[in-house]
Amino acid sequence: THLGEFSKEVISCLPSTPWEIGDKEISLRRDLRSWRIFSIDPETARDLDDALSIEMVDEKTARVGVHIADVTHFVRPATSLDKEASKRATSVYMVDGVLPMLPRLLCEELCSLNPGTDRLAFSIVWEISLETCDVLSEWIG
């Protein structure tokens, strides 16, 4: 196949649409949907997969989070999708286009952290003392 295209075997690994996060999956994760989380990807990006959150816990403590879209929920080990993504290693951005690591359904929709849309992500969250810059607590999930 052309580098930008994906084979039928790869496409067959994708979930059917419309897709929603199931109740079981939600119960297995920490629900951050009420947090103010914002993308750090450029305005021109179609795949919003990197985000931050910052919140004051009290006047001496801030909660800082780093969040990245969870593609592993969709890319299962040893599948055609996994093998193709491993071969491509990353998306390559050029002036006139992109050679994506993952099919558009994943990178631009199901794994894109679009505002107002429930999505799965991996996060690391620190509570940090504003007086000493010490990390008071850490959560990864």
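Heads up: these notes are all about the structure in this document.

About the cut-offs
Residues numbered from 1 in each chain as written. Predicted model: local features only at pLDDT ≥ 70, side-chain atom pairs only at ≥ 80, totals over all residues. Heavy atoms only, no water. Helix = DSSP H or I, 4+ residues; strand = E, 2+ residues; numbered from the N terminus. Contact = heavy atoms within 4.5 Å. Areas by Shrake-Rupley, 256 points an atom, 1.4 Å probe, with all protein chains shown as cover. Lys, Arg positive; Asp, Glu negative; His and termini not counted. Charge placed at Lys NZ, Arg CZ, Asp CG, Glu CD. Pairing = 2+ DSSP bridges. Axes fitted to C-alpha atoms, helices over the stretch in contact; angles between N-to-C directions. Buried < 20%, exposed > 50% of the residue type's maximum accessible area, 1.4 Å probe, protein only. Arc of directions from axis to C-beta.

### Let's talk about the overall build of the protein
- A count of helices and strands for the protein gives four helices and seven strands.
- Ordering the α and β elements of the protein from the N terminus gives α-α-β-β-β-α-β-β-α-β-β.
- In terms of its C-alpha atoms, the protein occupies a principal-axis envelope of roughly 55 × 40 × 25 Å.
- Taking the contacts inside the protein whose residues are at least 6 apart along the sequence as the reference set, 57% of them involve residues at least 24 apart.
- Looking at the protein as shown, the accessible area adds up to about 9400 Å², and 54% of this sits on carbon and sulfur atoms.
- Treating the 15 positive side-chain charges of the protein as one cloud and the 25 negative ones as another, the clouds have centres 6 Å apart.

### Here we look at the sheet that holds strand β1 (residues 37-39)
- Ordered by their spatial adjacency, five strands build an open sheet running β1-β2-β3-β6-β7, and the pairing between neighbours is antiparallel. Each edge of the sheet is formed by a strand with only one pairing partner; in this case those strands are β1 and β7 (135-140). The average angle at which neighbouring strand axes cross in this sheet is 20°, direction not considered.

### Some words on helix α3 (residues 80-88)
- Of the positions making up α3, those classed as buried are Leu-81, Glu-84, Ala-85 and Arg-88. On an axial view of α3, the arc spanned by its buried residues comes to 100°, and they lie on one face. Turned more than 90 degrees away from the buried face of α3, the exposed residues are Lys-83, Ser-86 and Lys-87.
- Taken together, the buried residues of α3 touch α1 (8-11) and α4 (104-110).

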